[in-house]
Amino acid sequence: MAHSDTGAEHQHSYIANRTKDDYLKRLRRIEGQARGLQRMVEEEQYCIDILTQVSAMTKALQSVALGLLDEHMAHCVVNAAREGGEEADIKLKEASDAIARLVRS
């Protein structure tokens, strides 16, 4: 898993079990969508139908990303901000970089 390019070592929080299971379920569904897209291409289905499914899969991935970002902000960033110092700066930079990547995608 890629980490921030700050080079600093810091502890990562883990996703709560209740939401972890939800994320895993959603990612498995997305994995199934990807296999379906591969079949559609193999079967040379109509391009617009494939693009419609790509759009649905993209939205599903964005939903997962936004949920993870929300958790990061609500837990990791808030806790680090309470403690202050370098860790707070690192967590804020990570969140800012993640938002920038999502906006570019």
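On a predicted model such as this, the values are computed, not experimentally measured, just so you know. (Residues numbered from 1 in each chain as written. Predicted model: local features only at pLDDT ≥ 70, side-chain atom pairs only at ≥ 80, totals over all residues. Heavy atoms only, no water.)

**Examining unusual backbone geometry**
We note that E44 has phi near 55°; this positive angle belongs to a residue other than glycine. With respect to the helices and strands, the residue E44 is situated in the loop between α1 (17–42) and α2 (47–83). (Helix = DSSP H or I, 4+ residues; strand = E, 2+ residues; numbered from the N terminus.)

**A look at the pattern of salt bridges**
Enumeration according to the criterion identifies 5 salt bridges in this entry. Close ionic contact of K91 with E87 constitutes a salt bridge, the shortest N to O distance being 3.8 Å. Here K91 pairs with E87, and both are found in helix α3 (residues 85–104), just 4 residues apart, close to one helical turn. For K91, the salt bridge is made with E94, and the minimal N-O distance between the two is 3.8 Å. One end of the pair, K91, and the other, E94, are both in helix α3, 3 residues apart, so they sit about a helical turn from each other. Considered together, K91 and E94 belong to a single accessibility category, that of buried residues. Salt bridges linked by common partners bring E87, K91 and E94 together as one network. (Salt bridge = Lys/Arg side-chain N within 4 Å of Asp/Glu carboxyl O. Buried < 20%, exposed > 50% of the residue type's maximum accessible area, 1.4 Å probe, protein only.)

**Examining α2**
One turn of an α-helix holds 3.6 residues; hence residues three or four places apart share an orientation. Taking 1.5 Å per residue, 37 residues should reach 54 Å; α2 reaches 52 Å between its end C-alpha atoms and fits that length. The largest bend along α2 reaches roughly 35° and is located at M73. By the burial criterion, the buried members of α2 are I50, M57, V64, G67, L69, E71, H72, C76, V77 and A80. Among the residues trailing α2, G84 stands out with phi positive, at a value near 75°. (Expected span 1.5 Å × (residues − 1). Bend = angle between axes of the 7 residues up to and from the residue.)

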